[in-house]
Amino acid sequence: MKTITRRIWFEAGIIFALGVVVGLSINIQLVLDAFSGRLTLESSHGVESPSPSRMNDQALEPALFPIPVLLADIRELQRTGALLVDARTAESYDEGHLPGALSLPLGELDDRLGPFVNEFPKETTLIIYCSGFGCPDSFDVGVRLLEAGYGDVRVYEGGFPEWRDAGLPVIKEAP
């Protein structure tokens, strides 16, 4: 009886291992993107984020979550009128931020959301960023902006560290 049980466990282990190997080989780009910290939906599968014009053409319900955006897309979005929003603290913003970014820290959002909404039309494309992939502030600010009525809110998950590490210009506020 022990021999039969061992054989069954051995065969089950082989089937499991083969399943893992086949699954990984089919999804190798997805696995590599996940471990490198890149966005996998857009970067490895060619899926486009819906543009504001396409969103208006379709009868879509308002977005519940911000759309991820890649570093390579930020400059093009800025050329089309997108506004960069820094969700980090005011001190971090002063130490360095992306060119053209506006400071809207998560910790001050309750006080600053009203003036922000009054200043920027809800049709504005917003790109929210913070301190990189481990920072949820940009996502949280993005959700609040969607709730406030903005229709095209995106999150740059690589945030300030990815921008800086790519050697792109950083603006520092004078002390």
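Just so it is clear, the structure is predicted and the values come from calculations on it, not from any experiment.

Peer 1: I would appreciate a short explanation of the overall build of the chain in the present structure.
Peer 2: A count of helical and extended segments in the chain gives 9 helices and 5 strands. Traced from its N-terminal end to its C-terminal end, the chain shows the element sequence α-α-α-α-β-α-β-α-β-α-β-α-β-α. Of all 175 residues assigned to the chain, the portion counted as buried reaches 31%. When contacts within the chain are restricted to residue pairs at least 6 apart in sequence, long-range pairs at least 24 apart make up 67% of them. Of the accessible surface of the chain, which amounts to about 11,000 Å², a share of 60% is contributed by carbon and sulfur atoms.

Peer 1: Would you mind showing me how to read the environment of Leu 106 here?
Peer 2: Looking at the element boundaries, Leu 106 is found in the loop between β3 (102-103) and α7 (109-119). Between the alpha carbons of Leu 106 and Pro 136 there is a distance of 9.7 Å; along the sequence they are 30 residues apart. Setting aside anything within four residues of it in sequence, one finds Leu 106 in contact with Ala 87, Asp 137, Asp 140 and Val 141.

Peer 1: Is there a simple way to explain the packing of α7 against helix α8 (residues 137-147) in this structure?
Peer 2: Geometrically, a packed helix pair is captured by the angle between its two axes and the distance between the axes. One can describe the packing of α7 onto α8 by two numbers: an axis separation of 12 Å at closest approach and a directional angle of 45°. Comparing the axis directions of α7 and α8 gives the class oblique. Viewed along their axes, α7 and α8 form a crossing whose handedness is right-handed. Residue-level inspection shows Leu 109, Asp 110, Leu 113 and Phe 116 of α7 in contact with α8, the latter providing Val 141, Arg 144 and Leu 145. For the contact of α7 with α8, the class distribution of residues is 5 nonpolar, no polar and 2 charged.

Peer 1: How should a nonpolar patch on the surface be read in this particular structure?
Peer 2: Side chains of Phe 10, Ile 14 and Leu 18 sit close together on the surface and give an oily, nonpolar patch of about 320 Å² of accessible area. Looking at the element boundaries, Ile 14 is found in helix α1 (residues 2-26).

Peer 1: I would appreciate a short explanation of α8 in the present structure.
Peer 2: Each full turn of the α-helix corresponds to 3.6 residues, which orients residues three or four apart in the same direction. When α8 is considered as a whole, its buried residues turn out to be Ser 138, Val 141, Gly 142, Val 143, Leu 145 and Leu 146. Packing partners of the buried residues in α8 comprise α7, β4 (126-129) and β5 (153-156). Of the residues trailing α8, Gly 149 is marked for its positive phi of about 110°.

Peer 1: Got a minute to help me understand the state of the cysteines in this structure?
Peer 2: One way to say it: the disulfide is the covalent bond shared by the sulfur atoms of two cysteines. This structure, assessed with the given rule, holds 1 disulfide. Between the sulfur atoms of Cys 130 and its disulfide partner Cys 135 the distance amounts to 2.3 Å. Note on the Cys 130 and Cys 135 pair: the S-S dihedral is about -135°, so by sign convention the disulfide is left-handed.

Peer 1: Help me understand the side chain of Arg 88, please; the structure alone is not making it clear to me.
Peer 2: Checked against the element boundaries, Arg 88 lands in the loop between β2 (83-86) and α6 (90-95). Within the structure, the side chain of Arg 88 is placed 2.7 Å from the side chain of Asp 86, a separation counted as a polar contact. A distance of 3.4 Å separates a polar atom in the side chain of Arg 88 from the backbone oxygen of Ser 92. With near-sequence residues (within four places) excluded, Arg 88 lies in contact with Tyr 93, Gly 96, His 97, Ser 103, Pro 105, Tyr 129, Cys 130, Ser 131 and Phe 160.

Peer 1: Even after reading the chapter, I still don't get the packing of aromatic side chains, so can you show me in this structure?
Peer 2: Each pair of aromatic rings is reported with the distance of its centres and the angle of its planes. Applying the stated criterion across every chain, the model contains 3 aromatic pairs. Each member of the aromatic cluster is reached from another via a ring pair, and the members are Phe 116, Phe 120 and Tyr 150. Taking the ring centre of Phe 160 as reference, the NZ or CZ of Arg 88 above it sits at 4.4 Å.

Peer 1: Just checking my understanding: could you explain the sheet that holds strand β1 (residues 67-69) for this structure?
Peer 2: Adjacent strands of a sheet pair through backbone hydrogen bonds, lying either parallel or antiparallel. Pairing within the open sheet is parallel, and its 5 strands lie in the order β1-β5-β4-β2-β3. This sheet does not close on itself; its edge strands, each paired only once, are β1 and β3. Lying on the sheet, α8 is in contact with β4 and β5; it crosses β4 at an angle near 150°.

Criteria and thresholds
Residues numbered from 1 in each chain as written. Predicted model: local features only at pLDDT ≥ 70, side-chain atom pairs only at ≥ 80, totals over all residues. Heavy atoms only, no water. Helix = DSSP H or I, 4+ residues; strand = E, 2+ residues; numbered from the N terminus. Buried < 20%, exposed > 50% of the residue type's maximum accessible area, 1.4 Å probe, protein only. Contact = heavy atoms within 4.5 Å. Areas by Shrake-Rupley, 256 points an atom, 1.4 Å probe, with all protein chains shown as cover. Axes fitted to C-alpha atoms, helices over the stretch in contact; angles between N-to-C directions. Parallel < 35°, antiparallel > 145°, perpendicular 65-115°, else oblique. Left-handed = near helix turned anticlockwise from the far one by under 90°. Nonpolar A, V, L, I, M, F, W, Y, C, P; charged D, E, K, R; others polar. Patch = residues over 30% accessible without salt bridge, like charges linked within 9 Å, V, L, I, M, F, W, Y side chains within 5 Å. Salt bridge = Lys/Arg side-chain N within 4 Å of Asp/Glu carboxyl O. Disulfide = S-S within 2.5 Å. Polar contact = N/O pair within 3.5 Å; in protein donor to acceptor, adjacent residues only side chain to side chain. Phe/Tyr/Trp six-rings, centres within 6.5 Å; stacked < 30°, edge-to-face > 60°. Lys NZ or Arg CZ within 6 Å of the ring centre and 35° of its normal. Pairing = 2+ DSSP bridges.

Interpretation note: all reported values are geometric properties and have no functional meaning in isolation.
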